[in-house]
Amino acid sequence: MKKRTVCVAALSAATLAVLPLAATASAAEYTVTYVGVRHEGDVCTSHNWTHDCNGSASFVHDGDHLLVWDNAADGHSVVVEYLRSDENGDDYLRAWNYYGKYDRLDVNMNLAEDGGYISYRVCLGEYGTREVLSDTCSPFNFEWAK
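These figures come from a predicted structure and were not determined experimentally. (Residues numbered from 1 in each chain as written. Predicted model: local features only at pLDDT ≥ 70, side-chain atom pairs only at ≥ 80, totals over all residues. Heavy atoms only, no water.)

Within the secondary structure, glutamate 143 is located in strand β10 (residues 141-144). Buried and unpaired, glutamate 143 has no salt bridge, with lysine 146 as the nearest side chain of opposite charge at 6.3 Å. Of note is the side chain of glutamate 143, whose polar atom sits 2.8 Å from the side chain of histidine 61. A distance of 3.1 Å separates a polar atom in the side chain of glutamate 143 from a polar atom in the side chain of asparagine 141. In this structure, glutamate 143 is in contact with Asp42, Phe59, His61, Gly116, Tyr117, Ile118 and Tyr120, ignoring residues within four places of it in sequence. (Helix = DSSP H or I, 4+ residues; strand = E, 2+ residues; numbered from the N terminus. Buried < 20%, exposed > 50% of the residue type's maximum accessible area, 1.4 Å probe, protein only. Lys, Arg positive; Asp, Glu negative; His and termini not counted. Salt bridge = Lys/Arg side-chain N within 4 Å of Asp/Glu carboxyl O. Polar contact = N/O pair within 3.5 Å; in protein donor to acceptor, adjacent residues only side chain to side chain. Contact = heavy atoms within 4.5 Å.)

Read from one edge of the open sheet, five strands run β1-β7-β4-β3-β2, paired in antiparallel fashion. Each of the sheet's edge strands pairs with one partner strand only, and the pair in question is β1 (29-34) and β2 (43-44). Where β1 and strand β7 (residues 103-108) come together, six bridges link them in antiparallel fashion. In the sheet register, threonine 31 faces β7, and the bridge partner there is aspartate 106. (Pairing = 2+ DSSP bridges.)

Let us look at the pairing of strand β3 (residues 55-60). Every regular strand shows the same layout, with side chains that alternate between the two sheet faces. With five of six residues buried, β3 is to be regarded as a mostly interior element. Strand direction decides the pairing type here: β2 and β3, joined by two bridges, are antiparallel. Among the inter-strand pairings, valine 43 is bridged to a residue of β3, identified as alanine 57. Sheet topology places β3 next to strand β4 (residues 65-70); six bridges connect them, and they run antiparallel. Note on β4: the bridge partner recorded for phenylalanine 59 is leucine 66. Counting the residues in the hairpin turn of β3 and β4 gives four residues, including glycine 63, whose phi is positive at 95 degrees.

Further remarks concern the state of the cysteines. Each disulfide is one covalent bond, formed between the sulfur atoms of two cysteines. Tallying each qualifying case throughout the model produces two disulfides. What pairs with cysteine 44 in a disulfide is cysteine 53, and their sulfur atoms sit 2.1 Å apart. Where cysteine 44 bonds to cysteine 53 through sulfur, the torsion about that S-S bond is close to -50 degrees, and the disulfide is left-handed. What makes cysteine 44 buried here is its relative accessible area of 10%. Two residues, cysteine 123 and cysteine 137, share a disulfide whose sulfurs are 2.0 Å apart. With the S-S bond torsion at 110 degrees, the cross-link from cysteine 123 to cysteine 137 turns out right-handed. Of the two residues, cysteine 123 sits in strand β8 (residues 117-126) while cysteine 137 sits in the loop between β9 (131-133) and β10, which places them 14 residues apart along the sequence. The connectivity of the disulfide bonds within the protein can be written as 1-2, 3-4, using the sequence rank of each bonded cysteine. (Disulfide = S-S within 2.5 Å.)

Here it is, written out as structure tokens:
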């Protein structure tokens with residue numbers, strides 16, 4: 001049985017919330033922070049072949065953080081679909097940011113330093129039905145853990 005960890009904190013300048021986990025994941029902490037600015041990560045959503053970047057994601061090697069930004073009040077959630085080296089299975093893991101414009105989801109992972117990796121893409125979706133809008137997905141980005 002896999003164990004889930006949720007991190008909760010409170011800051012006066014930032015909004016943090018507890019995330020109900022939508023997908024299984026190896027011991028990871030989920031934190032949401034209101035950042036107040038648009039961010040274009042390493043990968044961005046697109047729509048009809050335009051680079052709108054309504055959602056973006058980046059992997060930060062220092063501490064193994066997968067960051068997911070919602071950049072637009074467009075009525076859609078932002079979801080990252082990912083595979084990681086320490087997970088077995090044929091389906092993508094998903095991390096949903098459904099908190100709204102300028103909120104950043106931080107998925108704190110612990111990948112193996114020796115041979116660990118993550119492959120991820122960012123998409124728009126409907127959190128309520130867990131539908132991923134595949135025509136909005138970025139290409140996959142592959143990163144080695146360091």
